[in-house]
Amino acid sequence: MTDRTDGRPHLAVIGAGPAGLTAALAAAARGVRVTLVDSAAQAGGQFYRQTAPGLGARRPQALHHQWRTWERLRDGLAGHVAAGRVTSLTDHHVWFVERQSGTTGGAPASFTVHALLGPEQEEPVTVHADAVLLATGGYEKVLPFPGWTLPGVVTAGGAQAMLKGGLVLPGRTAVVAGTGPLLLPVAVGLASAGAKVAALVESADPRAFVRHARVLAAHPAKLAEGAWYAAELARYRVRTRVRHTVVAAHGTGRLEAVTVAALDGDGRVRPGTERRIPCDTLAVGHGMLPHTDLAEALGCRLDGVDVAVDDEQRTDVPGVWAAGETTGIGGAALAGAEGGIAGVSIAARLNSRIPDRSSYASAAKARAGMREFFAAVDTVCVPPARWAEHVTDDTVVCRCEEVTASAVREAVDELGAGDVRTVKLLTRAGMGWCQGRMCGPAVAGLARCPETPSRRPFARPVPLGVLAREPGEPHDTSPSTTGWDPS
Amino acid sequence: MTPRTPLDLVDARRGPAFTVTFDGREITVLPGQTIAAALWSAGITSWRTTRGSGEPRGVFCGIGVCFDCLVSVNGRVNQRACLVPAEAGDVIRTQKGTGHHD
Ligand SMILES: Cc1cc2nc3c(=O)[nH]c(=O)nc-3n(C[C@H](O)[C@H](O)[C@H](O)COP(=O)(O)OP(=O)(O)OC[C@H]3O[C@@H](n4cnc5c(N)ncnc54)[C@H](O)[C@@H]3O)c2cc1C
Ligand code: FES
């Protein structure tokens, strides 16, 4: 079962972003054989999303920050791949990680990683390993508002991903809106690539950072980064409106304008402050959420919506580590620090040793500092407290199943639904293709219940042909249905 | 500053362009672009209509999570335009509803 042909322990890393890459390099350098699995066409993850090679970018770094770190990761990966220590599998979408507990007394567990190949995701592939690192990152959270389903309205990170990967813009005139630190690189990225950024609309009040002055003072690099963004925004003449929110997007068949308004101290729109900004692109985001499906299916404990880990980045399931944004949102540098610690721990533990804490003490210090910084950011960059009040009854909340706010409200107010699961059963909100990833926070907010991670059978839609296949049987090449009912 | 494009910004020395069709109309694609990127470059932002109210949709998340960008490629429906690379001669069609009854 476990493939230990060369006697070296084998680690499967799922996710080749800063966390997974740093971990893979640290583990490989310590004698672990690593298989790095990622669904994207190239390693890099979200922060270091690479431009497609066919586009021949001579200066890809113009779209990136911390390019040196990327060069180190990229070259390190290439070296380990050439030496046969790391196998990098791109275009592999992992839908399930299976754990076989040791059969004979005290034998360690082994793992089978189930993936689907290629963008069509129909051909199954499995990877066997002695340990697994979940480094699957996160995805963006967007709360609904009237008009948010119009073409031209995209997630802030999505606009950035399409720009970095395909060198394209969705339009000419953009508004970047929502809350959180991701809005800054997105606004600057779009502007530097030639879009007119008509406004950067941030709902938070930056003055709230004053309460965290001590934490900020401990992070001069972060302050310098903030100042750099401010200068770039000024250079591109991007007007920043803080304590403002997008109350509606307008257009017929395509975005034509947004209405932006000022917020009062309670998160209510100040009457009379509404103004219409013509634009063909709205890049909007209200923070990020971690991908936790694989961890949950393995039975890992969550802490709120994050995968819970100890000082060594171990989950509570033996043999399973987690690092990066899957354990909590905090940016690329934190993801890298966590990945490095995980790699050191995995290499030691797979050889039945206790890792020497001094070997990762500086990474642990950086991790503590960045976690503290992002905890402060999290308390400041919150969506407007009363966002749900601006969601009109006819606004679609679940984009897949086209469930409106009125249906969700009716389920709560008239049918007595008290949690997201009941709302889902009554309305179908969250039952479509995306399995509630897009509408989860909105449904929870409208139903006034806590945001809980929604349990999904698999991390990806799985063709029935793959699920039905007996082990060893040749796979069905023409599966047409998925493992759940998306239609 | 003069108006620039994303291609100028990174000094892209791209390989030869090729064509695909979208609802019968020919569009030019640069090598490596996904179907969504190709459609955006051609100024197209929607390529699906929803099952219920027939509303137009295109890219939303841009990273394969939301499934809003579903499209029909060479007769295969439910392909995520933001993930699938465009290939010369692809026949791309707007997907109506589930795409199975049109
Ligand atoms: C769309 C988007 C754009 C972003 N852009 C920026 C930006 O421009 N600047 C910035 O500072 N921050 C950005 N971020 C924040 C970013 O998430 C972090 O900065 C950083 O990339 C986190 O590193 P990570 O290693 O934890 O995860 P990621 O970098 O997200 O890497 C996770 C990797 O796991 C892979 N993966 C996930 N699930 C599976 C699966 N089931 N099977 C196989 N592979 C899987 C993904 O393809 C991805 O490559 C962005 C986030 C998103 C969602
Ligand atoms: S845009 Fe979300 S899956 Fe393609």
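It should be noted that the structure appears before, not after, this text.
It should be emphasised that the depicted structure is a prediction, and the values quoted were computed from it without experimental measurement. (Residues numbered from 1 in each chain as written. Chains lettered and ligands numbered in written order. Predicted model: local features only at pLDDT ≥ 70, side-chain atom pairs only at ≥ 80, totals over all residues. Heavy atoms only, no water.)

## A closer look at the interface of chain B and chain A
And step 1. Facing the 47 residues of chain B at the interface are 55 residues of chain A.
And step 2. Contact between chain B and chain A buries roughly 4300 Å² in total, counting both sides, with carbon and sulfur atoms accounting for 62%.
And step 3. Linking chain B with chain A are three salt bridges.
And step 4. Its salt-bridge partner being B:Arg76, residue A:Glu122 comes within 3.4 Å of it at the nearest N-O pair.
And step 5. Counting every contact that joins chain B to chain A gives 18 residue pairs in polar contact (both at pLDDT 80 or more). (Contact = heavy atoms within 4.5 Å. Buried area = accessible area lost by both parts, 1.4 Å probe. Salt bridge = Lys/Arg side-chain N within 4 Å of Asp/Glu carboxyl O. Polar contact = N/O pair within 3.5 Å; in protein donor to acceptor, adjacent residues only side chain to side chain.)

## Looking at the pairing of strand 2 (residues 33-37) of chain A
Residues and elements named next belong to chain A.
And step 1. Burial within strand 2 is extensive, with five of its five residues counted as buried.
And step 2. Residues Arg33, Thr35 and Val37 of strand 2 are buried on one face, and the alternating residues Val34 and Leu36, pointing to the opposite face, are buried as well.
And step 3. Examined bridge by bridge, strand 1 (residues 10-14) and strand 2 share five bridges and lie parallel to one another. Across the sheet, residue Val13 finds its bridge partner in strand 2, namely Leu36.
And step 4. The parallel pair strand 1 and strand 2 is bridged by helix 1 (residues 18-29), and the resulting crossover is right-handed.
And step 5. Examined bridge by bridge, strand 2 and strand 3 (residues 86-89) share four bridges and lie parallel to one another. What sits directly across from Val37, in strand 3, is Leu89.
And step 6. This β-α-β element, strand 2 to helix 2 (residues 67-82) to strand 3, shows right-handed connectivity. (Buried < 20%, exposed > 50% of the residue type's maximum accessible area, 1.4 Å probe, protein only. Helix = DSSP H or I, 4+ residues; strand = E, 2+ residues; numbered from the N terminus. Pairing = 2+ DSSP bridges. Right-handed = clockwise from strand over helix to strand, strands pointing away.)

## Some points on the sheet that holds strand 14 (residues 257-262) of chain A
All names here are of chain A.
And step 1. The strand order 13-14-15 describes an open sheet built from three strands, whose pairing is antiparallel. Both edges of this open sheet fall to strand 13 (244-250) and strand 15 (275-278), since each of them pairs with a single strand only. Averaged over all neighbouring strand pairs, the angle between strand axes comes to 30 degrees, with direction disregarded.
And step 2. Here strand 14 runs beside strand 15; their pairing, made up of four bridges, is antiparallel. Residue pairing in the sheet places Thr259 in a bridge with Arg276 of strand 15. (Axes fitted to C-alpha atoms, helices over the stretch in contact; angles between N-to-C directions.)

## A short note on the packing of helix 1 of chain A against helix 2 of chain A
All names here are of chain A.
And step 1. The interhelical angle for the contact between helix 1 and helix 2, taken along N-to-C directions, is 45 degrees, at an axis separation of 10 Å. Relative to helix 2, the element helix 1 lies oblique. Helix-helix and strand crossings are classified by hand; for helix 1 and helix 2 the assignment is left-handed. Residues Pro18, Leu21, Thr22, Leu25, Ala28 and Ala29 of helix 1 touch helix 2, and the partners they reach there are Trp70, Arg72, Leu73, Gly76, Leu77 and His80.
And step 2. Its residues placed into classes, the contact of helix 1 with helix 2 shows eight nonpolar, three polar and one charged. (Parallel < 35°, antiparallel > 145°, perpendicular 65-115°, else oblique. Left-handed = near helix turned anticlockwise from the far one by under 90°. Nonpolar A, V, L, I, M, F, W, Y, C, P; charged D, E, K, R; others polar.)

## A closer look at the packing of aromatic side chains
Residues and elements named next belong to chain A.
And step 1. Counted by the stated rule, this structure contains nine aromatic pairs over all chains.
And step 2. A ring pair is formed by Trp95 and Phe96, whose centres lie 6.0 Å apart and whose planes are at 25 degrees; its orientation type is stacked.
And step 3. Residues Trp95 and Phe458 carry aromatic rings whose centres are separated by 4.9 Å and whose planes lie at 90 degrees to one another, so their mutual orientation is edge-to-face. Here Trp95 is found in strand 4 (residues 92-100), whereas its partner Phe458 is found in the loop between helix 12 (440-446) and helix 13 (464-468), with 363 residues between them in sequence.
And step 4. The class of Trp95 is buried, set by a relative accessible area of 8%. (Phe/Tyr/Trp six-rings, centres within 6.5 Å; stacked < 30°, edge-to-face > 60°.)

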